[in-house]
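What follows is the residue order along each chain.
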Amino acid sequence: MTDNSCIEQEALVEYLYGEADDQTRQRIETHARSCAQCAEEIGGLREVRGTLETWSPPHAALGLRVVADTDDDETDRGTSLAAVSRWGRLRRMPAWGLAAVAVLATAAIIARPEVQIGQGGMVVRIGWTDAMTSPAQTVADAPSGQELAASVTASDDDPRRDPQPVRGTPVGTGGGSPGRQSKLGDTAPGATPGPTNDAWVQGVRQMILESERRQDRALVTEMEQLEQQLTNRRRADLAELERMFTELGDGDAELVRRRMLDYMRRLSSR
Amino acid sequence: MQRTDEELVALATAGDSESFNQLVGRWERQIYALAYRVLGREEEARDICQETLLRAFRGIKGFKGQAKFSSWLYRIALNLCRDWMRRERRTAIMTPLDTDGEPSLPDLSVDTAEEQTVRRDLGRLMTEAMATLSEEQRTTVVLKEYHGLTFQEIADLQGSPLSTVKTRLYQGLSMLRRQLQRKGVHGAAAISAVPATSLMARSHRKVVNLDR
């Protein structure tokens, strides 16, 4: 027996979730018609289930992906999941880290960096005029084309991002005073000039194109799912209204009318 | 044709990480939602989701298909949730409310913002109500209500008799009913039906009575 009714707890939850056998279901329904306390208990628990239905977790940018460490294929030690989201990382960042990010962002705005990818590799200009730039200064720790592509992909936290499992490698940044020019790709260890650079530029472009196509496909899938959900909801609403109309003849017209009004109000508020 | 979980697990076990990524895409939201509803904390739920999937990836070769893949993930996630709760020495954590304990209800005029406010407040009320349940009751309610597990699957996950699971579910629902009534949420199934302005006006009177 439950605290508030004559029905056993186990039978009641089976009935609530539509898993009671026919005999149990009929027994409960017959009893509830003659026992106001049990009918109230069943109605109350159904209301709780209705409330639970409306409770959704806050949206979270997940889009997790396995990032395998290719240097350590024989073990799982190098495996990790790509970060959840840039905002999640920011929230976990200590105050001094946030301050550092703010300073760097401000510096970037002031310095007005300009990035060009061309035959000679990737060129980063920092300054206000071209006349102030100097081609002589280079950065020695520039990444190879593959590494750059990897880092570009790894920094993309969009759930629909490039699904290639890649290894993130930090991109070398050309720091310096205003007017300073940093050239990536010319003196980098492992980087080869000329045709190879063309190849990796093409590679990067190809990856970006593929990524965009994948994002488009993901968007289409999401839209289809959303449309399906809306369709299902509309069907459920229609079925509910039809059921209410059929109840109109059962005698308690006023109660049904009020419930219908509530339901129509709910639909109109969506 | 879309592959089943079992097919993807077989491929992932053979070393195909892209197949595992498909499983991740299929289940990460469910795992996050499970952890969020059990813990009531967004950030921790996300961490547990990530850790669950990472552990699953590392242990995929040991998964012999003795249970559904989703049940296996749920088990890992629930163990992590339990570890977290024990570590924090509390059964449920909630976002602190305003000083008077009532959800903050700013006077917004834009419908969508109002709806968001109503939903956020409902979320807070639900999180508070869920926090009054025992860990087992809360987990049972969440697995049954939101993940559609059978009573037997829940019993297997919790290592409990079937009758215990049903009793926990009944007790959990009854406790939630009392808590929601105490907070003035009656007929809450219709909470989404009530125009936000109406709900807000009632809430400002510290009563959210949704029964006509």
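Each chain carries its own residue numbering, running from 1 in the direction its sequence is written. Whichever chain is written first becomes A and whichever ligand is written first becomes 1, with later ones labelled in order. Thresholds applied to this predicted model are a pLDDT of at least 70 for local features of residues and 80 or more for the giving and counting of side-chain atom pairs; totals over whole chains, interfaces and linings are not thresholded and use all residues.

## Re the overall build of chain B
What chain B contains, in helices and strands, is nine helices and zero strands. Listing every helix and strand of chain B by position from the N terminus yields α-α-α-α-α-α-α-α-α. Any residue surrounded by 20 or more other C-beta atoms within 10 Å of its C-beta is treated as buried, while 12 or fewer makes it exposed and the intermediate range makes it partly exposed; C-beta atoms here are placed from the backbone. In chain B, which comprises 212 residues, the share counted as buried stands at 42%. We call two residues in contact when their backbone-placed C-beta atoms lie within 7 Å. Contacts spanning at least 24 positions in sequence make up 63% of the contacts within chain B whose residues lie at least 6 apart. Strands here are runs of E lasting at least two residues and helices are runs of H or I lasting at least four, both read from the DSSP assignment and numbered beginning at the N terminus.

## Things to note about the overall build of chain A
Scanning chain A for helices and strands turns up eight helices and five strands. Counting across all 270 residues of chain A, residues that qualify as buried make up 20%. Intrachain contacts of chain A at a sequence separation of at least 6 include 59% that bridge at least 24 residues.

## Observations concerning helix 6 (residues 135–147) of chain B
Residue and element names in this part refer to chain B. With 13 residues, helix 6 extends 17 Å from end C-alpha to end C-alpha; this agrees with the ideal 18 Å at 1.5 Å per step. Three or more residues of helix 6 are buried, namely Gln137, Arg138, Thr139, Thr140, Val141, Val142, Leu143, Lys144 and Glu145. Following helix 6 by one or two positions, Gly148 adopts a phi angle in the positive range, close to 65°. Helix span, as expected, comes to 1.5 Å for every residue beyond the first.

## Some thoughts on the packing of helix 1 (residues 9–16) of chain A against helix 2 (residues 22–34) of chain A
All names here are of chain A. Where helix 1 meets helix 2, the closest approach of the two axes is 10 Å, and the angle between their N-to-C directions is 100°. Comparing their axes, helix 2 and helix 1 come out roughly perpendicular. On helix 2, the residues that touch Ala11, Glu14 and Tyr15 of helix 1 are Thr24, Arg25 and Ile28. A per-class count over the contact of helix 1 with helix 2 returns three nonpolar, one polar and two charged. Note on geometry: axes are C-alpha line fits, over the in-contact stretch for helices, and angles between N-to-C directions span 0 to 180 degrees. Should an angle fall under 35 degrees it is taken as roughly parallel, and over 145 as roughly antiparallel, whereas 65 to 115 is taken as roughly perpendicular and any remaining angle as oblique. Residue classes follow a fixed rule: Ala, Val, Leu, Ile, Met, Phe, Trp, Tyr, Cys and Pro count as nonpolar, while Asp, Glu, Lys and Arg count as charged, and any other residue, Gly among them, counts as polar.

## Remarks on the confidence of the model for chain B
Residues and elements named next belong to chain B. For every residue, the predictor reports its confidence as pLDDT, a number between 0 and 100. Of all residues in chain B, 76% attain a pLDDT of 70 or more, and the chain-wide mean is 78. Contacts of residues 91–111 to residues separated by more than four positions or lying in other chains number 32 contacts, the stretch itself having pLDDT below 50. The model gives residues 188–212 a pLDDT under 50, and that stretch makes 52 contacts with residues more than four places away or in other chains. Reported for the predicted complex are a pTM of 0.54 and an ipTM of 0.76.

## Side note on the nonpolar core
In plain words, the nonpolar core is the set of buried Ala, Val, Leu, Ile, Met, Phe, Trp, Tyr and Cys residues that C-beta atoms within 7 Å link up. Counting 65 residues, the largest nonpolar core has B:Ile31, B:Ala35, B:Ala77 and B:Cys81 as the members making the most contacts within it. It is helix 2 (residues 17–39) of chain B that contributes the most residues to this core, 11 residues altogether.

## Points about the packing of helix 3 (residues 36–53) of chain A against helix 8 (residues 162–182) of chain B
It is the contact of helix 3 of chain A with helix 8 of chain B, at a shortest axis distance of 9 Å, that shows an interaxial angle of 80°. In terms of orientation, helix 3 of chain A lies roughly perpendicular with respect to helix 8 of chain B. Along its contact with helix 3 of chain A, which presents A:Gly44, A:Leu45, A:Val48 and A:Thr51, the element helix 8 of chain B presents B:Leu173, B:Leu176, B:Arg177 and B:Leu180. Of the residues in the contact of helix 3 of chain A with helix 8 of chain B, the class split is five nonpolar, two polar and one charged.

## Quick word on the confidence of the model for chain A
Regions with low pLDDT carry predicted coordinates that are not meant to be interpreted in detail. Per-residue confidence for chain A gives a mean pLDDT of 65, with 46% of residues at or over 70. The low-confidence segment residues 69–77 of chain A (pLDDT under 50) makes eight contacts with residues lying over four places distant or belonging to another chain.

## Overview of the environment of B:Leu34
Residue and element names in this part refer to chain B. Relative to the helices and strands, Leu34 resides in helix 2. For Leu34, a count of 26 C-beta atoms within 10 Å corresponds to the buried category. For the pair Leu34 and Ala45, spaced 11 residues apart in sequence, the C-alpha separation works out to 8.0 Å. If sequence neighbours within four positions are ignored, Leu34 has contacts with Tyr74, Ala77, Val142 and His147.

## Looking at the environment of B:Phe151
Looking at the secondary structure, you find B:Phe151 in helix 7 (residues 151–158). Residues B:Phe151 and B:Leu162, 11 residues apart in the sequence, show an inter-C-alpha distance of 6.5 Å.

## A look at helix 1 of chain A
A turn of α-helix holds 3.6 residues, and therefore any two residues three or four places apart point the same way. Regarding helix 1 of chain A, the residues found buried are A:Glu10, A:Leu12, A:Val13, A:Glu14 and A:Tyr15. Its buried side turned inward, helix 1 of chain A meets helix 2 of chain A together with helix 8 of chain B. Phi turns positive, to about 65°, at A:Gly18, one or two residues after helix 1 of chain A.

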